[in-house]
Amino acid sequence: VMRRLFETGRLLIDCCAEQGALRPGREGWRSAVRVRALHARVRRRLLLRGASGGEAWDCARDGVPINQEDQAVTLLAFSYNVLAGLELIRGGPVPEEEERAYLHLWRWVGRLLGLRDELNPCRAGMPLAKATLESIVLHLLHPDALSVRVAHH
């Protein structure tokens, strides 16, 4: 777990440490492409696991591993959630131009990581990002009746 957290931190640093880091061939771009390739290898290994004698991945039950929805919700953790947190700390909205620029950064990172643009929650501003996050959370967490009551209290 710690190794995975450090790798994620490295990706963030590589992508955001300097202007132009996400241009082709630069460190952020290379780091994102490495993560994309890693995800592809893990996805393939999991999908082929049953053929090599391990427990088969159940796509009907669990979906495709590291799928587009998984990538979108992870992208939201670094985009929408950061901006929403900044708004709480600031006591008001982040300036619109900065918000757009930050979401654009994460739209591009998502593209480099293999997230299809039509599924990228950063493509059209905070309202889409928020709606996508809420939709995915409800889909993934399957709240029970008590959870719904508490949320609406």
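Residues numbered from 1 in each chain as written. Predicted model: local features only at pLDDT ≥ 70, side-chain atom pairs only at ≥ 80, totals over all residues. Heavy atoms only, no water.

Notes on a nonpolar patch on the surface
A contiguous nonpolar patch, built from V1, M2, L5 and F6 and spanning about 510 Å² of accessible area, is present on the exposed surface. Relative to the assigned elements, F6 resides in helix α1 (residues 2-16). (Patch = residues over 30% accessible without salt bridge, like charges linked within 9 Å, V, L, I, M, F, W, Y side chains within 5 Å. Areas by Shrake-Rupley, 256 points an atom, 1.4 Å probe, with all protein chains shown as cover. Salt bridge = Lys/Arg side-chain N within 4 Å of Asp/Glu carboxyl O. Helix = DSSP H or I, 4+ residues; strand = E, 2+ residues; numbered from the N terminus.)

A look at the packing of aromatic side chains
A full pass over the atoms with the stated rule returns two aromatic pairs. Note on F78 and W106: the rings are 5.7 Å apart at their centroids and 20 degrees apart in plane angle, and the pair reads as stacked. In this pair, F78 sits in helix α4 (residues 68-78) while W106 sits in helix α6 (residues 96-113), placing the two residues 28 residues apart along the sequence. Residue F78 is classed as partly exposed on the basis of its relative accessible area, which comes to 24%. Judged by its relative accessible area of 4%, W106 falls in the buried class. Taken together, a centroid distance of 6.4 Å and an interplanar angle of 65 degrees make the contact between Y102 and W106 edge-to-face. Remark: W106 and Y102 occur in helix α6; sequence separation between them is four residues, near one turn of the helix. Here the aromatic cluster, defined as three or more aromatic residues joined through ring pairs, consists of F78, Y102 and W106. (Phe/Tyr/Trp six-rings, centres within 6.5 Å; stacked < 30°, edge-to-face > 60°. Buried < 20%, exposed > 50% of the residue type's maximum accessible area, 1.4 Å probe, protein only.)

Thoughts on unusual backbone geometry
Its identity as a non-glycine residue notwithstanding, I66 has a phi of 50 degrees, on the positive side. In this fold, I66 is placed in the loop between α3 (59-62) and α4. With relative accessibility at 21%, the residue I66 sits in the partly exposed group.

Focus: the confidence of the model for the protein
This prediction gives the protein a mean pLDDT of 90; 93% of its residues lie at or above 70. Averaged pLDDT values over the elements of the protein bottom out at 66 in helix α8 (residues 145-151) and peak at 96 in α6. (pLDDT = per-residue confidence, 0-100.)

Describing the nonpolar core
With 22 residues, the main nonpolar core has Y80 and V109 as its most contacted residues. When residues of this core are traced back to their parent elements, those giving at least two are α1, α2 (27-48), α4, α5 (80-90), α6 and α7 (126-141). Sort the elements by how many residues they give to this core and α6 lands first, with five residues. What Y80 contacts, discounting residues up to four positions off in sequence, is L103, M126, A129, K130 and L133. (Core = buried A, V, L, I, M, F, W, Y, C linked by side-chain atoms within 4.5 Å. Contact = heavy atoms within 4.5 Å.)

A look at the side chain of S31
Along the chain, S31 falls in helix α2. In contact with S31, not counting residues within four places along its chain, are R10, L11 and D14.

A closer look at the side chain of E99
Within the secondary structure layout, E99 lies in helix α6. Although buried, E99 forms no salt bridge, and the nearest oppositely charged side chain, R100, lies 7.1 Å from it. Setting aside anything within four residues of it in sequence, one finds E99 in contact with L83, E87, V94 and M126. (Lys, Arg positive; Asp, Glu negative; His and termini not counted.)

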